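Coordinates in review
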Amino acid sequence: MESASDIISSLLWFKDDDCKDEENNGQIIEQFVQNVEDFSSQYGSEISVSYTAFNLRGPPSNFPDYGDYPQAFVMRTYGKWWDEAPSVQEEYMPQNSRAIPSQDYVEVSFERSVYPLEVAIFETYNPGALVRIWALGNGDWFLLWEGEPGYAGDKPRIFSPPIKQINFPTRILRLEFNHCLLPYYTELDAVLLRGKEPANESKIKNNFAYSSLFYKKTQPPAHNGLLNKVMASNLHEKVGPPMLVSQEELLIDTGPPLGDFQRLPDETILTIMKYLDMQSLNRCAQVNHHFNRLALDSILYRCIDLRPYWHCVKSQVLDILSTRCKFLQKFDLSWCGSHCMIQSQYVTKFLKQNCTELTHLRMNCCGFVDNSVLMSIADSCAYLQELCLRSVICCSDWSCLSALRQLRRLDLYRTSIGTAAAVAVVRANPHLRHVNLGSCKMISVMDEVALALGATCPQLISADFWKSYSLTAAGIVALGNCTLLEELDVGWCLQAGNSGSWLSALCGGALRKLFLGALRGVCDRDLRALLPRAPRLRQLDLLGVRAVSPDICSHILAQCQELRLLDVSFCDQILESQVIKWRQQYPNVSIKRSFQSANLSAPPSNMFLAPSLE
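An account of the accompanying structure is given in this report. (Residues numbered from 1 in each chain as written. Predicted model: local features only at pLDDT ≥ 70, side-chain atom pairs only at ≥ 80, totals over all residues. Heavy atoms only, no water.)

The next thing to look at is the sheet that holds strand S21 (residues 565-567). Strands belonging to one sheet form pairs held by backbone hydrogen bonds; the direction of such a pair is parallel or antiparallel. Read across the open sheet, the twelve strands follow the order S11-S12-S13-S14-S15-S16-S17-S18-S19-S20-S21-S22; overall the sheet is parallel. Every interior strand has two partners, whereas the edge strands, strand S11 (303-305) and strand S22 (590-592), have only one. Averaged over all pairs of adjacent strands, the angle between strand axes in this sheet comes to 5°, irrespective of strand direction. Note: strand S20 (residues 539-541) against S21, three bridges, orientation parallel. Considered in S21, the bridge of Asp-541 is made with Asp-567. (Pairing = 2+ DSSP bridges. Helix = DSSP H or I, 4+ residues; strand = E, 2+ residues; numbered from the N terminus. Axes fitted to C-alpha atoms, helices over the stretch in contact; angles between N-to-C directions.)

Printed below as a string of structure tokens:
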């Protein structure tokens, strides 16, 4: 039987006649990803290529095989489970959210700039999460396609939605995803960009034509209910007129008569305007002088969420907002500032002028966050209770954050913070309730951080140490002092996996979510000792815990009446037939069992390698 790579190789030079004619004219080329420029999350680690965004480079590795393969790109979440966990984060400005929200993104670049004709996504496991495709050109982003998420079934596909034509060439695309409807992690194998070269570009050599792959390319239906709502909302598709305009730019006359609405007290109108998104407020400000005065009132700008507008927020927006943010309390700038659209000096100026009363700040995946921004946060935001800086990797002076004293939530997933700085921040904030230090590769001794949490933060509710390879049993045992702990993720903390005896140290009474992925030392005895101490357990991840038997899983399902998620993927002793029986017996529990199409019982050969060998 031919392997997937053999099938792909046999198709490399299989081209449509039309494609041949176009290529002979030097106009149409097809190319796969050359580099991954940015991404919001990944299942893999920073010291391995398994399940990482890096795997999107080049032609497909697994297609048309279907299943769970480490050579694919996998993001961190799926389904509704993270939104139902104790650590869930609320939106600062719910009215600002798109009708189709995005949860993750990946930005890729290609060798040559082209006028896009087609974008094809090779999906090899749980397809259906893609919701947007953006193109970058001349410093601006343009929306090529937008659609609803939806689980597309247990089969691979090449998803090639109809895209809008643009009048500039591009070599950079950004894909956005929403995983809420997926039963398990989605996996992407490759991204193909087909387009027309500019007249002054020479022909690309050895370009492949995948237009006639044996697998049919999938397009979304022409009519889409939720998409129509999005289009009706007239959200920005590209950077045209600025989302926010300054008072000098507003062309305001006396405006049309407002009838009885004019008689309403200002307080009533302001109460109504609190429910408007940023774009609608900006439009109200352009109606007439009366609406302009109200729409720019600082009371409407206590909570600002700019993440939905990441594609058009530039440095000047911060200057315009600065005049309206006298009472700013919550500010989300996540995803903004790609490709130098925002410079750090504008951010530091805004923080110093407007954020002295700030309590919540999110700057996830923001490349402009450097040491100067960290210092401004520490100096200007003394009342900060929530700080989220996920995937911020361009800083070295993290210790300055220890000047903060009021933090309740600290999310530093996949940042460059080191051990000493992390310990200092924890010790300075004894009221911490939610901490995420997953995939922080510069923390060389995570036990010191865990010990500080156990000794300093008795109100801790959630702790995420995902893929913290330096965390050992000693650090986890220290968390036993946190009697309110509801959520613990120690998945892939391989040095803690030699034994699961530390589970008995967890107080457990409040425990709702426990992720133990790839901890092979955990056995039935350890779980059996934990169960009486965790009667409210709702989510349990045992992926790759090879010693777990069907008996203990049956016991867990029977004893944990509130259980809603159980992942037994790659548990060697648990067969698919047993999982089917459990699903019938416990319909309220979502039981996961991942697989590879070539071998349904064994994990990938390199799935559980020690970090030093990955």
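This next bit is on unusual backbone geometry. Between Phe-63 and Pro-64 the backbone carries a cis peptide bond, its omega angle lying at 10°. Inspection of the secondary structure puts Pro-64 in the loop between strand S2 (35-39) and strand S3 (73-74). If you check the backbone angles, Ser-391 has positive phi at about 60° while not being a glycine.

Tallied over the full model, the rule gives 20 salt bridges. In this structure, the salt-bridge partner of Lys-513 is Glu-487, at a minimum N-O distance of 3.3 Å. Taken as a pair, Lys-513 in strand S19 (residues 513-515) and Glu-487 in strand S18 (residues 487-489) lie far apart in primary sequence, 26 residues in all. Assigned by exposure class, Lys-513 and Glu-487 land together as buried. Where Arg-512 meets Glu-562, a salt bridge forms, and the shortest distance between an N and an O atom there is 2.6 Å. Residue Arg-512 is found in the loop between S18 and S19, and its partner Glu-562 is found in the loop between helix H14 (550-559) and S21; the two are separated by 50 residues along the sequence. Residue class for Glu-562 comes out partly exposed when judged on its relative accessible area of 28%. (Salt bridge = Lys/Arg side-chain N within 4 Å of Asp/Glu carboxyl O. Buried < 20%, exposed > 50% of the residue type's maximum accessible area, 1.4 Å probe, protein only.)

Turning our eyes to something else, we now look at the environment of Asn-55. On the secondary structure map, Asn-55 appears in the loop between S2 and S3. For Asn-55, a relative accessible area of 11% puts it in the buried group. In sequence terms Asn-55 and Val-33 are 22 residues apart; their C-alpha atoms lie 9.7 Å from each other. Excluding its chain neighbours within four sequence positions, the residues that come into contact with Asn-55 are Val-49, Ser-50, Pro-70, Gln-71, Ala-72, Phe-73 and Asp-189. Looking at Asn-55, its side chain comes within polar contact range of the main-chain oxygen of Val-49, at 2.7 Å. At 3.0 Å, the side chain of Asn-55 forms a polar contact with the backbone oxygen of Ala-72. (Contact = heavy atoms within 4.5 Å. Polar contact = N/O pair within 3.5 Å; in protein donor to acceptor, adjacent residues only side chain to side chain.)

Here we take up the side chain of Asp-526. With respect to the element layout, Asp-526 can be found in helix H13 (residues 524-530). One buried charged side chain, Asp-526, makes no salt bridge at all; its nearest oppositely charged neighbour is Arg-525, positioned 4.3 Å away. In this structure the side chain of Asp-526 is engaged in a polar contact, spanning 3.0 Å, whose partner is the backbone nitrogen of Cys-523. Not counting residues within four places of it along the chain, the set of residues in contact with Asp-526 comprises Gly-500, Ser-501, Leu-503 and Gly-521. (Lys, Arg positive; Asp, Glu negative; His and termini not counted.)

Another point: the nonpolar core. Judged by nonpolar contacts, the single largest core of 126 residues is most densely connected at Leu-306, Met-363, Phe-465 and Leu-516. Among all residues touching Leu-516, those that are not within four sequence positions of it are Val-490, Gly-491, Trp-502, Leu-503, Val-522, Leu-527, Leu-540, Asp-541, Leu-542, Leu-543 and Val-545. (Core = buried A, V, L, I, M, F, W, Y, C linked by side-chain atoms within 4.5 Å.)

Moving on, we get to the pairing of strand S5 (residues 130-137). Remember that side chains alternate between the two faces of the sheet whenever the strand is regular. Most of S5 is tucked away, with eight of its eight residues classed as buried. As paired strands, S5 and strand S8 (residues 170-177) are joined by six bridges and run antiparallel to one another. Within S8, the residue paired with Ala-135 across the bridge is Leu-173. As judged from the six bridges shared by S5 and strand S6 (residues 140-146), these two strands associate in the antiparallel manner. Pairing of Arg-132 across the sheet is with Glu-146, part of S6. Linking S5 back to S6 in an antiparallel pair, the connection comprises two residues, with Asn-138 at a positive phi of about 55°.

In this description, an aromatic ring pair is defined by two values, namely the gap between the centres and the angle between the planes. Within this structure, the stated rule accounts for 19 aromatic pairs. Ring centres of Tyr-43 and Trp-492 lie 6.3 Å apart, and the angle between their planes is 90°; on these two criteria the pair is classed as edge-to-face. Note that Tyr-43 is positioned in the loop between S2 and S3 and Trp-492 in the loop between S18 and S19, a separation of 449 residues in sequence. For the pair Tyr-43 and Trp-492, a shared accessibility class is recorded, and that class is buried. Aromatic side chains Trp-82 and Tyr-185 sit 6.5 Å apart centroid to centroid with 65° between the ring planes, which places their arrangement in the edge-to-face category. With Trp-82 in the loop between S3 and strand S4 (104-125) and Tyr-185 in the loop between S8 and strand S9 (187-196), the pair connects residues that are 103 residues apart, well separated along the chain. Site record: aromatic cluster; members linked through ring pairs are Tyr-43, Tyr-51, Tyr-66, Tyr-78, Trp-82, Tyr-125, Tyr-184, Tyr-185, Trp-466, Trp-492 and Phe-515. One cation-aromatic arrangement involves Lys-80 over Trp-81; the distance from NZ or CZ to the ring centre is 5.3 Å. (Phe/Tyr/Trp six-rings, centres within 6.5 Å; stacked < 30°, edge-to-face > 60°. Lys NZ or Arg CZ within 6 Å of the ring centre and 35° of its normal.)

Here the structure, examined in full by the defined rule, presents zero disulfides. Its sulfur unpaired, Cys-457 is 6.8 Å from the next cysteine sulfur, which belongs to Cys-482. We classify Cys-457 as buried; its relative accessible area is 0%. (Disulfide = S-S within 2.5 Å.)

This part covers helix H11 (residues 446-456). Extensive coverage of H11 is indicated by the burial of eight of its eleven residues. Those residues of H11 that sit buried are Met-446, Asp-447, Val-449, Ala-450, Ala-452, Leu-453, Gly-454 and Thr-456. On its buried face, H11 sits against helix H10 (419-428), strand S16 (434-436) and helix H12 (473-478).

Moving on to the packing of helix H7 (residues 315-322) against helix H8 (residues 344-354). Packing of H7 against H8 brings their axes to within 9 Å, and their N-to-C directions diverge by 15°. As the angle between them shows, H7 and H8 are arranged roughly parallel. For H7 against H8, the interelement crossing comes out left-handed. Taken together, the residues of H8 that come into contact with H7 (itself represented by Ser-315, Leu-318, Asp-319, Leu-321 and Ser-322) are Tyr-346, Val-347, Lys-349, Phe-350, Gln-353 and Asn-354. A class-by-class count of the residues in the contact of H7 with H8 yields five nonpolar, four polar and two charged. (Parallel < 35°, antiparallel > 145°, perpendicular 65-115°, else oblique. Left-handed = near helix turned anticlockwise from the far one by under 90°. Nonpolar A, V, L, I, M, F, W, Y, C, P; charged D, E, K, R; others polar.)

As for its placement among the helices and strands, Arg-302 is situated in the loop between helix H6 (289-295) and S11. On the basis of relative accessibility, which here comes to 37%, the residue Arg-302 falls in the partly exposed class. If we skip the residues at most four places from it in the chain, Arg-302 touches Phe-327, Leu-328, Gln-329 and Lys-330.

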